[in-house]
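This is what each chain is made of:
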Amino acid sequence: MTRLVLLGATGSIGTQTLDVAKRLDITPLALASGSGTPEFVATAHRYRDSMLAVAHPIDMSGLRSEFGDRISFGPDAVMALAALPDAVVINGVVGFAGLDATLAALEAGNRLGLANKESMVTAGAFVREALQRGGGTLIPVDSEHSALFQCLEGEPRPAVRNLILTASGGPFRGKSRDMLSSVTPEEALQHPTWNMGARVTIDSATLANKGLEVIEAHYLFDVAYDQIQVVVHPTSIVHSVVEFVDGSLLAHMGEADMRIPIQYAITYPDRAQGAGEFSIAGRTLEFEEPDTEVFRALALAYEAGRVGGPAPCVFNAADEVAVAAFLAGQIPFLGIPEVLERTLAKFDGRQVESVADVKEVDAEARALATDAVRALSR
Ligand code: MG
């Protein structure tokens with residue numbers, strides 16, 4: 001029986017993981033949540049045997065009286081669930097907050113299905129070390145990286161020429177900077193093909209998400225930035241492509257449905273019955289270059305990735321702050337890459353030698369990004 005531990009149980013990945021678990025007839029061993037919202041309470045009542053943890057409870061005494069001994073509190077409690085023996089951990093936490101649980105799951109030698117790309121972006125080298133020390137397995141759940149992972153299975157690394165990440169282009173593909181100057185959060189939250197949480201949807205509209213995914217791919221697959229390309233593919237049928245030195249290209253195709261990569265991470269190396277049949281007849285596959293003049297966040301992510309050290313973490317922290325500020329109406333849509341650029345320019349070029357250093361960088365970058373937001377919202 002799969003010992004499924006689900007972190008971020010009420011988010012977009014979390015609810016879709018519960019769908020998959022139901023389909024696979026798996027009862028989650030444990031469920032974790034950031035704050036213990038009413039949705040979490042409802043979910044926790046549906047799974048009466050699952051252990052529960054809430055990182056930052058809004059109402060600790062209420063949750064305690066409702067769930068008694070089966071609930072525990074604090075970030076350490078979430079890490080303890082991630083480290084339960086022989087677990088398959090799905091980390092669907094949004095943002096930098098997911099890093100500690102990623103490390104805990106890997107140090108414990110567990111299988112980690114990673115939907116929290118920020119872990120890999122901000123602390124990729126340390127995540128890889130934890131994976132090696134623990135001897136577990138890391139399987140990406142991000143659709144593009146799941147696609148690459150599947151295309152790379154059994155292939156010798158020197159045979160790889162390029163990794164090609166596909167991007168839907170988001171709701172503003174083909175628009176000019178002028179047209180984007182007055183975009184509202186409601187417009188930016190309308191994603192054409194994928195159903196996702198708010199941050200990743202805004203990140204898809206700015207292409208910052210694709211930038212984070214380039215950095216994620218670099219650390220996941222140990223491939224140089226020059227060998228990682230991005231193409232815009234509006235219909236989201238091809239989830240990514242590996243180009244090999246012999247001129248062969250392997251592409252992963254399927255419905256734009258996150259439950260497919262989630263299920264693969266759980267059943268790997270096996271496959272189980274899942275989504276319905278996908279007919280390719282009548283579908284068209286179009287690919288175009290991304291417009292990095294309009295969508296500057298993507299170019300900035302490549303720059304941050306190539307600089308390395310703290311820069312990817314700074315990029316992510318600035319983006320988390322900028323997206324929240326945009327959603328709160330404090331900065332315009334085009335203010336998001338502006339905040340990224342200003343924060344990256346202000347940050348000093350120190351080295352990061354530990355996860356503690358990464359956390360310091362994250363905190364400082366957030367402060368700098370908050371200053372940049374203030375300057376822009378004046
Ligand atoms: Mg993705």
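Analysis parameters
- Residues numbered from 1 in each chain as written.
- Predicted model: local features only at pLDDT ≥ 70, side-chain atom pairs only at ≥ 80, totals over all residues.
- Heavy atoms only, no water.
- Domains from an automatic or database assignment.
- Contact = heavy atoms within 4.5 Å.
- Buried area = accessible area lost by both parts, 1.4 Å probe.
- Polar contact = N/O pair within 3.5 Å; in protein donor to acceptor, adjacent residues only side chain to side chain.
- Helix = DSSP H or I, 4+ residues; strand = E, 2+ residues; numbered from the N terminus.
- Nonpolar A, V, L, I, M, F, W, Y, C, P; charged D, E, K, R; others polar.
- Donors = N, O, S within 2.8 Å, 3.2 Å for Na, K, Ca; no water.
- Buried < 20%, exposed > 50% of the residue type's maximum accessible area, 1.4 Å probe, protein only.

Draft legend 1. Quick look at the domain arrangement of the protein. In terms of domains, the protein is made up of domain 1 (4-141), domain 2 (143-256 + 275-298) and domain 3 (308-378). On a C-alpha basis, the centres of domain 1 and domain 2 stand 26 Å from each other. Counting from both sides, the interface comprises 16 residues of domain 1 and, opposite them, 19 residues of domain 2. The contact between domain 1 and domain 2 buries some 1400 Å² in all, and 62% of this surface belongs to carbon and sulfur atoms. Of all residues in domain 1, K117, V121 and P140 bury the most surface against domain 2, accounting for 42% of the area lost on that side. On inspection of domain 1 and its partner domain 2, the count reaches six residue pairs in polar contact (both at pLDDT 80 or more). The element that contributes the greatest number of residues to the side of domain 1 that touches domain 2 is helix α6 (residues 117-134), accounting for seven residues. In the side of domain 1 that touches domain 2, the residues fall into eight nonpolar, four polar and four charged.

Draft legend 2. Main features of the coordination of the magnesium ion. Looking at the magnesium ion, the protein donor atoms are D142 (OD), E144 (OE) and E213 (OE), and they sit 2.1 to 2.2 Å from it. Site description for the magnesium ion: donor spacing in sequence, D-x1-E-x68-E. In this pair, E144 sits in helix α7 (residues 143-152) while E213 sits in helix α11 (residues 208-221), placing the two residues 69 residues apart along the sequence. In this pair, the class of E144 matches that of E213, namely buried.

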